[in-house]
Amino acid sequence: MKKIVAFLLLMLSIPMFYLSYKMGGLPPAITGIGFILIAVVFLKESD
């Protein structure tokens, strides 16, 4: 289950980075980085 959530978070981080680039704002990029970090933690816990 955690692997699925981690995968979804990684997939959600891509549009967040795109939004950050498109609008020239920092908050979506910070959210994308947070999603990636949470996904990494979930992947480490499932091992």
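Rules used in this analysis
- Residues numbered from 1 in each chain as written.
- Predicted model: local features only at pLDDT ≥ 70, side-chain atom pairs only at ≥ 80, totals over all residues.
- Heavy atoms only, no water.
- Helix = DSSP H or I, 4+ residues; strand = E, 2+ residues; numbered from the N terminus.
- Buried < 20%, exposed > 50% of the residue type's maximum accessible area, 1.4 Å probe, protein only.
- Contact = heavy atoms within 4.5 Å.
- Areas by Shrake-Rupley, 256 points an atom, 1.4 Å probe, with all protein chains shown as cover.
- Expected span 1.5 Å × (residues − 1).
- Arc of directions from axis to C-beta.

Asker: Just checking my understanding: could you explain the overall build of the protein for this structure?
Answerer: Of the regular secondary structure elements, the protein holds two helices and zero strands. Dimensions of the protein, computed from C-alpha atoms along their principal axes, come out at roughly 35 × 15 × 10 Å. Across the 47 residues of the protein, 21% fall into the buried class. In the protein, 47% of the contacts between residues at least 6 apart in sequence involve partners at least 24 apart. In the form shown here, the protein has an accessible surface area of approximately 3,600 Å², with 79% of it arising from carbon and sulfur atoms.

Asker: It is not clear to me how the side chain of S13 should be interpreted in this structure. Could you clarify?
Answerer: Following the sequence through the fold, S13 ends up in helix α1 (residues 2-23). Exposure remark for S13: the relative accessible area of 4% places this residue in the buried category. When sequence neighbours within four positions are dropped, the list of residues in contact with S13 reads G32, F35 and I36.

Asker: Where do I start with helix α2 (residues 27-45) in this structure?
Answerer: Because each turn of an α-helix spans 3.6 residues, side chains separated by three or four positions in sequence point in the same direction. Compared with an ideal rise of 1.5 Å per residue, which puts 19 residues at 27 Å, α2 spans 27 Å between its outermost C-alpha atoms and is within 8% of the ideal. Among all positions of α2, only P28, A29, G32 and A39 are buried. Down the axis of α2, the smallest arc covering the buried residues is 100 degrees, so these residues share one side. Exposed residues lying more than 90 degrees from the buried face of α2 are P27, I30, L37 and K44. Contacts from the buried residues of α2 go to α1.

Remember, this is a structural readout, not a statement about activity or role.
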